[in-house]
Amino acid sequence: MTGTSRNQDVIEGYERLKISDDDDHEGLILEDLPAGEHNKNYDFCLFGSFLTNRKVNFGALQETLSSIWRPVKGVFMEETSYPNLFIFKFFHELDVKRVLDDGSWTFNQQVLLLKRLDMNEQLKDVHLTNVFMWMQIYDLPIDFNSEFILKSIGNYVGKFIEVDSKNFQGLSKNYLRIKVAIDNRRPLRSHMKINKAGGGDWLWIHFKYERLPSFCFYCGIIGHSKKFCEDLFDNPQAGETRKYDSSLRAPIRK
Ligand SMILES: [Zn+2]
């Protein structure tokens with residue numbers, strides 16, 4: 001079959017498709033997939049990756065994740081051709097949501113990074129950088145307890161994902177909870193200064209992270225310990241400086 005006849009076949013099959021064989025303007029524009037062309041295999045899929053260059057034992061990974069996730073409708077796991085990039089195919093949205101909600105997850109003390117599969121992405125370009133965690137916010141004045149303010153705090157610290165609806169029940173709280181995505185290339189934040197527009201005193205609020213994976217006490221980045229900190233290798237005079245400690249770790253909630 002020649003290229004031209006193949007292209008014509010394609011055009012007959014797809015109503016809103018543009019195609020060009022011109023080398024200078026080579027391309028195929030799919031404006032919309034015809035009805036029924038949606039590939040259900042990719043529903044409820046997550047990409048998974050690890051912050052390590054070491055090869056992950058896929059068999060052991062499958063066994064461990066199946067036993068800790070225990071998805072009600074099951075999960076199928078596949079290695080991709082890219083190092084340490086996996087696809088987890090679930091069969092129900094509630095299983096996906098629970099796995100995303102209950103993280104972060106670790107395997108052999110390595111953080112598992114997860115994100116929903118994006119149909120527009122090519123495997124070679126998939127980079128996982130977000131660690132999803134529940135963050136506890138301490139010392140926030142009572143009248144700052146609003147979804148708008150919590151969202152602003154979340155987006156200052158990382159990327160806001162959701163609030164715990166229990167924040168708004170009852171009258172006093174030791175801390176408030178929000179879910180955030182933390183970029184694993186940036187240091188964790190342990191505190192920040194906050195004020196309302198229009199004046200008043202600046203206040204310090206503090207954070208703790210639930211199920212916080214191992215992180216560096218020198219640079220505050222998740223995924224390596226101080227012993228392997230490249231920053232510290234570049235600044236050996238910093239010696240024993242410790243900018244972070246385990247107080248960032250929230251006590252396990254049940
Ligand atoms: Zn470090």
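It should be noted that the structure appears before, not after, this text.
Below is a short write-up of the structure.

Cut-offs and rules
Residues numbered from 1 in each chain as written. Predicted model: local features only at pLDDT ≥ 70, side-chain atom pairs only at ≥ 80, totals over all residues. Heavy atoms only, no water. Helix = DSSP H or I, 4+ residues; strand = E, 2+ residues; numbered from the N terminus. Buried < 20%, exposed > 50% of the residue type's maximum accessible area, 1.4 Å probe, protein only. Contact = heavy atoms within 4.5 Å. Areas by Shrake-Rupley, 256 points an atom, 1.4 Å probe, with all protein chains shown as cover. Donors = N, O, S within 2.8 Å, 3.2 Å for Na, K, Ca; no water. Tetrahedral: all angles 85-135°; square planar, octahedral: opposite > 155°, others 65-115°. Pairing = 2+ DSSP bridges. Axes fitted to C-alpha atoms, helices over the stretch in contact; angles between N-to-C directions. Salt bridge = Lys/Arg side-chain N within 4 Å of Asp/Glu carboxyl O. Core = buried A, V, L, I, M, F, W, Y, C linked by side-chain atoms within 4.5 Å. Domains from an automatic or database assignment. Phe/Tyr/Trp six-rings, centres within 6.5 Å; stacked < 30°, edge-to-face > 60°. Lys NZ or Arg CZ within 6 Å of the ring centre and 35° of its normal.

## Concerning the overall build of the protein
Inference 1: A count of helices and strands for the protein gives five helices and 12 strands.
Inference 2: Here the protein holds 254 residues, and the buried ones make up 36% of them.
Inference 3: Across the protein, the fraction of contacts at a sequence separation of at least 24, relative to all contacts at a separation of at least 6, is 61%.
Inference 4: Taken as a whole, the protein presents about 16,200 Å² of accessible surface, with 50% of it coming from carbon and sulfur.

## Thoughts on the coordination of the zinc ion
Inference 1: Of the protein atoms, only Cys 216 (SG), Cys 219 (SG), His 224 (NE2) and Cys 229 (SG) coordinate the zinc ion, at distances of 2.1 to 2.4 Å.
Inference 2: Because the angles between the four donor atoms bound to the zinc ion fall within 104 to 117°, the donor set is best described as tetrahedral.
Inference 3: Expressed as a motif, the donor residue spacing for the zinc ion is C-x2-C-x4-H-x4-C. Here the residue Cys 216 occupies a position in the loop between β12 (203-209) and α5 (230-234), and Cys 229 occupies one in the loop between β12 and α5, the gap between them amounting to 13 residues.
Inference 4: By relative accessible area, Cys 216 is classed as buried at 0%.
Inference 5: Of the residues examined, Cys 229 reaches a relative accessible area of 1% and is grouped as buried.

## Here's the deal with the sheet that holds strand β4 (residues 75-79)
Sheet strands pair by backbone hydrogen bonding; their relative direction is either parallel or antiparallel.
Inference 1: The strand order β4-β5-β3-β7-β6 describes an open sheet built from five strands, whose pairing is antiparallel. Strand pairing shows two members of the sheet lacking a second neighbour, β4 and β6 (105-107), which therefore form its edges. Strand after strand, the sheet turns through a mean of 30° between neighbouring axes, direction not considered.
Inference 2: Alignment of strand β3 (residues 45-50) against strand β7 (residues 110-116), held across five bridges, turns out to be antiparallel. Opposite Leu 46, over in β7, you have Arg 116 as the bridge partner.
Inference 3: Contacts from helix α2 (residues 58-69) reach β3, β4, β5 (85-90), β6 and β7 within the one sheet, and its direction differs from that of β4 by about 155°.
Inference 4: Running over the sheet, helix α3 (residues 93-102) touches β3, β5, β6 and β7 and is turned about 140° from β7.

## Here we look at the pattern of salt bridges
Inference 1: Across all of its chains, the model carries 10 salt bridges by this definition.
Inference 2: In this structure, the salt-bridge partner of Lys 196 is Asp 143, at a minimum N-O distance of 3.4 Å. Taken together, the positions of Lys 196 in the loop between β11 (191-194) and β12 and Asp 143 in the loop between β8 (130-138) and α4 (147-157) put the pair 53 residues apart, joining distant regions of the chain.
Inference 3: Take Lys 196: its relative accessible area is 33%, and that puts it in the partly exposed class.
Inference 4: Using a relative accessible area of 53% as the deciding quantity, one classes Asp 143 as exposed.
Inference 5: For Glu 210, the salt bridge identified is with Arg 177, shortest N-O distance 2.7 Å. Of this pair, Glu 210 sits in the loop between β12 and α5 while Arg 177 is found in strand β10 (residues 175-183), placing the two residues 33 residues apart along the sequence. Arg 177 shares its class with Glu 210; the two are buried.
Inference 6: Each member of the salt-bridge network shares a partner with another, and the members are Lys 97, Asp 101 and Lys 179.

## A closer look at the nonpolar core
Inference 1: Formed by 36 residues in total, the largest nonpolar core has its most connected members in Ile 153 and Tyr 209.
Inference 2: Each of domain 2 (40-125) and domain 3 (130-248) accounts for three or more of the residues forming this core.
Inference 3: In contact with Ile 153, other than residues within four places in its own chain, are Met 135, Ile 137, Leu 140, Met 192, Ile 194, Ile 205 and Phe 207.
Inference 4: Counting 18 residues, the second largest nonpolar core, distinct from the first, contains Met 77, Phe 86, Val 96 and Leu 100.

## Comments concerning the packing of aromatic side chains
Inference 1: As enumerated under the stated definition, the model contains 10 aromatic pairs in all.
Inference 2: The interplanar angle of 75° and the centroid separation of 6.2 Å between the aromatic rings of Trp 69 and Trp 105 together place this pair among those described as edge-to-face. One end of the pair, Trp 69, is in helix α2; the other, Trp 105, is in strand β6, with 36 residues separating them in the sequence.
Inference 3: Counting every residue linked through ring pairs, the aromatic cluster contains Phe 50, Phe 58, Trp 69, Phe 86, Phe 88, Phe 90, Trp 105 and Phe 107.
Inference 4: Sitting above the plane of the Trp 105 ring, Arg 211 keeps its charged end 5.1 Å from the centroid.
Inference 5: Above the plane of the ring of Tyr 218 lies Lys 243, whose end atom (NZ or CZ) is 4.7 Å from the centre.

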